[in-house]
Each structure stands twice: as C-alpha cells, then as structure tokens.
Amino acid sequence: MILKVSAGFVLSIILLVSCSSNTGDGDLTDSTLKSTALSLDSRTQWTQAIEENVLSEDYSEVKGISSKVELSSEVLPLSQDFISKEKVYPEIKDSWHLENSKMEEKCFTLIDGFLTALENGESAESYFDAGGIYSLVIFKYDFSRLLGNTKVYWHAIGEGFFDDGYVQCPVRFFFDEKKDYNGSHADAMIIAKRTDYDWKIISVDLISQAGEENAE
C-alpha cells in the first residue's frame, strides 16, 4: 500500500528530525537539513496537484478589456468571455420561462407593442388581424369585468410555442409599479400568425385573475 501524505506533514517530520538530531554540539548544518529533506522527498508518494497552473497563470489581462484598465468586479461584465456566456432568464414559478430569444424580432415587437399600448390606454386594433378584433373586444370586456379599472404598469412576455407560422405566447400584466414578479398580476395567452410581410395577433384571452399565481 502506498501512503499519500501532504507537503505540510513532510515539513513537520523534517523539523522533528532536525530537532531530535540537534544534541547541542553544533553538528547540525544546512547541508544536513537539505540532505534529510531530499531523502524524505525521494521516498514520499506525493498527492497529485489540483489546478497547479492557478498560481502561475497571468490574470493581469482579460479578453476584451484594455491592459491599462484596472480590473474590478465593475468592469468584468465588459469582457468578451463574460458577454459570450449564455444568458440566464427568469422563470415564472409553476408556470413558464421568460426566455424568448428564439422568437422572431418582428413577432416580439408586435406583442410588446400591443401590451405597451394597453398599459398606456392607447388603441390596440392595429396589432390585430382583421379576424382577431373580436377577440380583443372580448378580452377588454373580461378584463374590465374581472379587474375593473386596475392599471397595468408593466408586463412580461413568456417563451413562445411555435408551429407552422403561428406562435402561442403567455404574457403577464403587473399592477404594481415596482418590478417584482411576486406582485399583483394577471395572465393572458396571445396567439399570433405570420403574414406575408409581418406578424399579426389573431387572439388574446385572459386566463387568470390577479394574484392567482406567484413568480420567482
């Protein structure tokens, strides 16, 4: 059986041997200590070093940041390595992800524009296909019936489900100015379709009243 010991343990043994060998007659020399250390080192099975390059690697520069800039936690997000990392998106508890990077920009702009128009009390018909206007009327009626004049301050757009030119996308309206996913809210489901040149909403349905679910 091969005994694996640490460098600290060997150093303790060397000191012990050197002390026990010192009889006070002045015979202990540097060469004695050196030969003793070399002898112990040659007979010892050392443990394998873990990440031994950490102490010798140069960390004075980070890709994407000038060497003239003093490194700190504030400037690290500007580095190429940091920017290239995959983004992490929030997740609505027991519901859906807010990851919509796969959504076409025109589709996202359409849905975001519709929700912003609702928040600002503006007309939203232009975001809908002609056949979807009736769905908007029913949505506004349900919203008024269930939530009254509750003001929407901001919104979140969830991950869309795509199929043959259509997208089904959950959205959430928040009724508190503070951007807290645990705040009072209501959920809706939007379905949009791709046209020859653009995207249009064909339906929007209120699927939960405010406060029925929580977010994290």
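First, a word on scope: everything that follows refers to the structure included in this document. (Residues numbered from 1 in each chain as written. Predicted model: local features only at pLDDT ≥ 70, side-chain atom pairs only at ≥ 80, totals over all residues. Heavy atoms only, no water.)

1. Re the environment of L115
Phase 1: With respect to the helices, strands and loops of the structure, L115 is situated in helix α4 (residues 105-119).
Phase 2: Given a relative accessible area of 0%, L115 falls into the buried group.
Phase 3: With 40 residues separating them along the chain, L115 and H155 place their C-alpha atoms 7.1 Å apart.
Phase 4: Aside from chain neighbours lying at most four places away, what touches L115 is H155, I157, V171, F173 and I190. (Helix = DSSP H or I, 4+ residues; strand = E, 2+ residues; numbered from the N terminus. Buried < 20%, exposed > 50% of the residue type's maximum accessible area, 1.4 Å probe, protein only. Contact = heavy atoms within 4.5 Å.)

2. So, the packing of aromatic side chains
Phase 1: One pass over the full model with this rule turns up 6 aromatic pairs.
Phase 2: Judged by centre distance (3.8 Å) and plane angle (10°), the rings of W154 and F174 are stacked. On the criterion of sequence distance, the pair formed by W154 in strand β3 (residues 154-157) and F174 in strand β5 (residues 166-174) is long-range, its members being 20 residues apart.
Phase 3: A relative accessible area of 7% means that W154 is categorised as buried.
Phase 4: By relative accessible area, which is 1% here, F174 ends up buried.
Phase 5: Counting every residue linked through ring pairs, the aromatic cluster contains F139, F143, F173 and F175.
Phase 6: Cation over ring: K151 sits above Y153, and NZ or CZ is 5.4 Å from the ring centre. (Phe/Tyr/Trp six-rings, centres within 6.5 Å; stacked < 30°, edge-to-face > 60°. Lys NZ or Arg CZ within 6 Å of the ring centre and 35° of its normal.)

Don't take any of this as a statement about function, it's just geometry.
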